[in-house]
Amino acid sequence: MTMPRALFVDDEPHILDGLRRSLRGKREEWEMAFATDGAEALELLGRSRYDVVVSDMRMPGMDGAELLTNISKLHPEVARVVLSGHIEPEAALRVAVAGHRFLTKPSDVESVIGVIEQLLVRTSVSHQSEARRIAGGVRSIPTLPEHTDGIVALLAPEANLAYAVQAALHDIGLTAKLLQLSNSTFFGSRPRNSSVESIVNAMGVPTVQAVAGAGHALWSSEPWNPATELHLRTVWRHAVATACLVDVVASPANRPHSQAAALLQDVGRLICLVAAGEEPEPTVDLAAARYGGVPFRDVGVELLHLWGLPPPIVTAVAQRDTPQRPDSSGLGVTAAVRTAHLLIQQTESQDPSDGTYDDELALLLSHPQLKAQSIDWHQAAEKASAQAGQWNGRGRH
Amino acid sequence: MSRRPAAQTGPGQGDRPTPGDIVNTDIDVELLADAIPHAVWVAAPQGTLEYLNRRAIDYTGQDLASPDTPGGGCYSLVHPDDRDAAARQWAKVNGTGAPYAVDCRIRGADGLFRWHSVKATAVRGDAGRIVRWIGTATDVEDRNALEDRERRSRLESQGDRTFQSVIVDSMAEGLYTVDGDGMLTALNSAGARMLGWEEKDLLGRSVHAAVHFRRPDGTPLPESECSLLGTRLLGVRTGARSTPLTDETFIRKDGSTFPVSCSAAPLKMGATGPGAVIVFRDMTEVRRAELEARHDQKLESLGRLSAGLAHEINTPIQFVGDNTRFLASAYQDMLELLLVYRTCMAKTLGEMAWDERTRLAQEAETKADVEYLASEIPVAASQSLEGVERVASLVRAMKSFSYKDSAEQSYADLNEAIRTTLTVARNEVKYVADVTLDLGELPEVMCHRGDLNQVFLNLLINAGDALEGKGERGEIRITSRAEGPTAVISFADNGSGIPEHIKRSIFEPFFTTKEVGRGTGQGLALARAVLDKHGGSIEVRSVVGEGTTFTLRLPVAGKPASSA
């Protein structure tokens, strides 16, 4: 087995020397290369395979944001880490869409090693490198057609904090990006429970607008292919309805992660359709939920892993289609999301080939945590579906 | 000459005594009458003149009392405009016998009319009938003119005073006047309000001793060094008109002080002779606003600097930390190696073969990678020390840069100030430009160092910004030279240059071409204000497409005294 390879880029040679020395303990496990500017880094990447690149942000000539953007296009399979001493918000937002993980200088070597080791892990069992390549190239997740107006309203100068929270809670891309950013020390201290609401409250409207705007700017206003658009509308409505319902299903402590996981459950489908849309001959199999032979879910999970989202969210998304048997002590995020997903699915016109999960659902609903609440879950699901439509109406103003 | 002396009228002509009777002496009445420097006359009730004294005849040039004089009559010489009034009065007193008094113009021998005050007393005969009038006519032309002038000037000066005092008292500025000894002669109400003194409290007292006796730092300010008094005296001597505005500190009645901007002008006339008028304005609010503007600008550039400074500090801290971790693990490796050596040396190994010992030691050396450690440890140590020095020098520069000026100027090495500014702002320019320092011999300059640091920073950041869109790396050249008594410092960039239509506005406050968040447009306005304060100047020379040079000129000895 070949050794993993990491590339470090910084215009300050002393920084590279320091990293080289302090990472010496890893010399038996990794191969390491060092470059003092972006052009040299691209040359090295062109010559041999790398798994991770760790780059400074501000460098003369090609800066970190430009370098990482180039890498995302030329070498999407390389995981991108920012290691920077810069704290200006504008510069930070520029790399917010270019990097996967963000580290601030000074970072101790254990943090650097920790992040690199996480990124060396591929989540897909059967399609490691393909899932990494598809997910790695993603810099921002487009807003679904159903929610474009919601983002436009968020970007308006008069948007307030309450609206920003709602807009973020209903936008797959923004939720994922905010969780990604808040999970690094790069943008200040991490909110305590990583709920999207607390992240938005901590960041403030202007920063959220800037993040949303930076992501939004990457996407052309070109219309989707009509069939894809219809499909994406359904995906979005299902995600939002599940997120609404899981708010009731999950225990209070699990709500933030459950909501995020519910919203992000089909992020893989979304990015695969986007990637396929850019190809002349798309190899998407909607029925099999595969893109180029890679399951949508594997791509989505790989993306959430690359972006460093909290593990409970990544696990819940990974296991959404896996039958759950929670033990009686607690339902957990994964089972809560699966329960809400199955309930919402029942309210929709199902494809019979998906099979039915009535038995599993009955078992889940008989879980002590859910049984204790005197709620008609099917009615609650109908209500959540209706709510998803209502937000849409509000978003359109 | 045939004149009938009044004395000759005789006592039998009336009950009342004639002049002769009144005097009742042997004195020649005619002589006496002639000696009186006023016209004396005697007339019958119907107006016929019966007697005129010498003075009267000399003035009119004719003897109207003589029956030989043609066209006689007492009114023939009275000014036509006054004739009616005089005649009316005559008729009236002839009825009542009250004293006659009228002012009228009488023609003299030279043909000119002069004002006379004419008075007469009735002489009654038997049964109280008026038999004649004895009167005088006094030339009042000179007196009238004097009175007129006095009255007029009194009225005028009253009007002026009223007008002036309304203006002076409604002025927002304080105003006071002093005499040649510096004693207060007037204080307007705005001045009284600002100083807390009533005009009456200070009248006749030394203004300097009351409101100007201390310097801002609390030390006494002797009258001999008072610029206001000095300029006043100088002004009176040389006839200078007024002093330029100077900044002073005045003291209120309660002892508190406030900054004023004032000017003095010599007063050549006044109730008490030459003196001076001093106008002053309370600058407290102005100074506060200036301070706030400067503070804002400082915060703005600090906000911009802090991001760069964080980077400049975080970078060395990152590699010093990494190196230290390496040194710790290298020490561990070396220690393990040492322990192996010690084991090899131990007696307990007994008869162990030399080969065996060498093998053990070599194994340990390979494991520790001694060659690598031997070459890397010194470098890691020296780079760490270098990083620590980088942070230390940056912190020193920050401290020096943020030097807090006292109100007083002090001597400073401006070359050092430029290097300091460059150190703290290096991160602002290092990605866009190479900075060349061409610093010549400069004497220490009397200045507010903190303010000048701010000016250097603003110019450096502007130069960096001018090079931002250039595409290639630019150059910033900072030069300093002494030109006689002037320090000349210039900041030149080879950036985009300033278009002519913008050049006019660049020194105006809040003018900026930078995008929102990059600058509030106070940098150059502040630079100009600081240079003005130092008695220096700032000029810009710019060619679009070639670059811009800002040139600062500062008097080495500090701002010249305002009286010079």
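In short, a report on the structure. (Residues numbered from 1 in each chain as written. Chains lettered and ligands numbered in written order. Predicted model: local features only at pLDDT ≥ 70, side-chain atom pairs only at ≥ 80, totals over all residues. Heavy atoms only, no water.)

Counting its regular elements, chain A contains 20 helices and 8 strands. Expressed as a percentage of the 397 residues in chain A, the buried residues total 56%. At a minimum sequence separation of 6, the contacts of chain A that also span at least 24 residues come to 71%. On chain A, roughly 16,600 Å² of surface is accessible, and the fraction owed to carbon and sulfur atoms is 52%. (Helix = DSSP H or I, 4+ residues; strand = E, 2+ residues; numbered from the N terminus. Buried < 20%, exposed > 50% of the residue type's maximum accessible area, 1.4 Å probe, protein only. Contact = heavy atoms within 4.5 Å. Areas by Shrake-Rupley, 256 points an atom, 1.4 Å probe, with all protein chains shown as cover.)

Our focus in this paragraph is the overall build of chain B. Across its full length, chain B holds 16 helices and 17 strands. Counting only residues that meet the buried cut, chain B has 41% of its 564 residues in that class. Restricting to contacts in chain B with at least 6 residues of sequence separation, those with at least 24 account for 58%. Summed over all atoms, the accessible surface of chain B reaches about 30,700 Å², with 55% contributed by carbon and sulfur.

Moving on to helix H9 (residues 172-182) of chain A. Residue and element names in this part refer to chain A. Burial within H9 is extensive, with 11 of its 11 residues counted as buried. Buried residues of H9: Ile172, Gly173, Leu174, Thr175, Ala176, Lys177, Leu178, Leu179, Gln180, Leu181 and Ser182, and no others. Between the side-chain oxygen at the start of H9 and the backbone nitrogen of Gly173 there is a gap of 3.2 Å, and the oxygen is on Asp171. (Polar contact = N/O pair within 3.5 Å; in protein donor to acceptor, adjacent residues only side chain to side chain.)

Attention shifts here to the packing of helix H10 (residues 284-345) of chain B against helix H12 (residues 370-401) of chain B. All names here are of chain B. Remark: H10 packs on H12, axes separated minimally by 8 Å, with the N-to-C direction vectors making an angle of 150°. What the angle tells us is that H10 and H12 run roughly antiparallel. Along this stretch, H10 crosses H12, giving a crossing that reads as left-handed. Class assignment of the residues belonging to the contact of H10 with H12 gives a composition of 23 nonpolar, 4 polar and 4 charged. (Axes fitted to C-alpha atoms, helices over the stretch in contact; angles between N-to-C directions. Parallel < 35°, antiparallel > 145°, perpendicular 65-115°, else oblique. Left-handed = near helix turned anticlockwise from the far one by under 90°. Nonpolar A, V, L, I, M, F, W, Y, C, P; charged D, E, K, R; others polar.)

Across soluble globular proteins, you tend to see nonpolar side chains buried next to one another. Core analysis: the biggest nonpolar cluster contains 131 residues, and Leu7, Phe8 and Ile141 of chain A have the highest contact counts within it. Once residues lying within four places of it in the same chain are set aside, the contact partners of Leu7 of chain A are Ala33, Phe34, Ala35, Ala41, Leu44, Leu45, Tyr50, Val52, Val53 and Val54 of chain A. Among the nonpolar cores identified, the runner-up in size contains 46 residues, and Val432, Cys447, Ala487 and Phe491 of chain B belong to it. (Core = buried A, V, L, I, M, F, W, Y, C linked by side-chain atoms within 4.5 Å.)

With that settled, the discussion passes to the pairing of strand S5 (residues 130-139) of chain B. All names here are of chain B. In terms of residue burial, S5 counts as a mostly covered element, since 7 of its 10 residues are buried. Here strand S1 (residues 39-43) runs beside S5; their pairing, made up of 5 bridges, is antiparallel. If you follow Val40 over to S5, its bridge partner there is Thr136. Where strand S4 (residues 113-124) lies against S5, 9 bridges are found, and the strand directions are antiparallel. Bridge assignment links Val118 to a residue of S5, and that residue is Ala137. Hairpin geometry of S4 and S5 is characterised by an intervening segment of 5 residues between the two adjacent antiparallel strands and by a positive phi of about 65° at Ala127. (Pairing = 2+ DSSP bridges.)

A word on empty space enclosed by the protein. All names here are of chain B. One pass over the structure, following the stated rule, counts 5 cavities of 30 Å³ or more. In this model, the largest cavity occupies a volume close to 400 Å³. Along the wall of the largest cavity there are 23 residues; nearest its centre are Trp41, Cys74, Ile106, Val118 and Ala137. Secondary-structure elements contributing two or more residues to the lining of the largest cavity are S1, strand S2 (49-52), helix H3 (54-60), helix H4 (80-96), strand S3 (100-107) and S4. For the lining of the largest cavity, the class distribution of residues is 20 nonpolar, 2 polar and 1 charged. (1 Å grid on protein atoms, 1.4 Å probe; cavity = no way out; pocket = protein on both sides within 12 Å on 5 of 7 lines; lining within 4 Å. Points joined across faces, edges and corners; volume = space filled by probe spheres on them.)

Tallying the contact residues gives 27 residues for chain A and 26 residues for chain B. Both sides of the chain A and chain B interface together cover about 2,300 Å² of buried area, and 52% of this is carbon and sulfur. The largest contributions to the chain A side of the interface with chain B come from His14, Arg21 and Arg24 of chain A, which together make up 33% of the buried area. Counting across the interface, chain A meets chain B through 5 salt bridges. Close ionic contact of Asp369 of chain B with Arg24 of chain A constitutes a salt bridge, the shortest N to O distance being 2.8 Å. Taken together, the links from chain A to chain B amount to 11 residue pairs in polar contact (both at pLDDT 80 or more). Elements supplying a minimum of two residues to the side of chain A that touches chain B: helix H1 (13-22) and helix H5 (109-120) of chain A. Considered class by class, the residues forming the side of chain A that touches chain B number 8 nonpolar, 7 polar and 12 charged. (Buried area = accessible area lost by both parts, 1.4 Å probe. Salt bridge = Lys/Arg side-chain N within 4 Å of Asp/Glu carboxyl O.)

On to the sheet that holds S1 of chain B, then. Residues and elements named next belong to chain B. Taking strand neighbours across the sheet as the criterion, the 5 strands line up as S2-S1-S5-S4-S3 in an open arrangement whose pairing is antiparallel. The open sheet has two edge strands, S2 and S3, and neither has a second partner. If you compare each strand with its neighbour and ignore which way they point, the axes differ by 25° on average. Here H4 sits on the sheet and contacts S1, S3, S4 and S5; the angle it forms with S3, its principal contact strand, is near 150°.

This part is about the sheet that holds strand S6 (residues 284-285) of chain A. Residue and element names in this part refer to chain A. Across the sheet, which stays open at both edges, the 3 strands sit in the order S6-S7-S8 with antiparallel pairing between neighbours. Strand pairing shows two members of the sheet lacking a second neighbour, S6 and strand S8 (294-295), which therefore form its edges. The sheet contact formed by strand S7 (residues 290-291) and S8 spans 2 bridges and is antiparallel. Counterpart to Arg290 in the pairing with S8 is Pro295.

Let us look at the environment of Leu360 of chain B. Tracing the backbone shows Leu360 of chain B in helix H11 (residues 354-368). For the pair Leu360 of chain B and Val340 of chain B, spaced 20 residues apart in sequence, the C-alpha to C-alpha distance is 7.4 Å.

Moving on to unusual backbone geometry. Between Lys105 of chain A and the following residue, Pro106 of chain A, the backbone shows a cis peptide bond with an omega angle of 0°. On the secondary structure map, Pro106 of chain A appears in the loop between strand S5 (101-104) and H5. Positioned with a positive phi, Ala289 of chain A is a non-glycine residue whose angle comes to about 55°. With respect to the helices and strands, Ala289 of chain A occurs in the loop between S6 and S7. Of note, the phi angle at Asp369 of chain B is positive, near 60°, even though the residue is not glycine.

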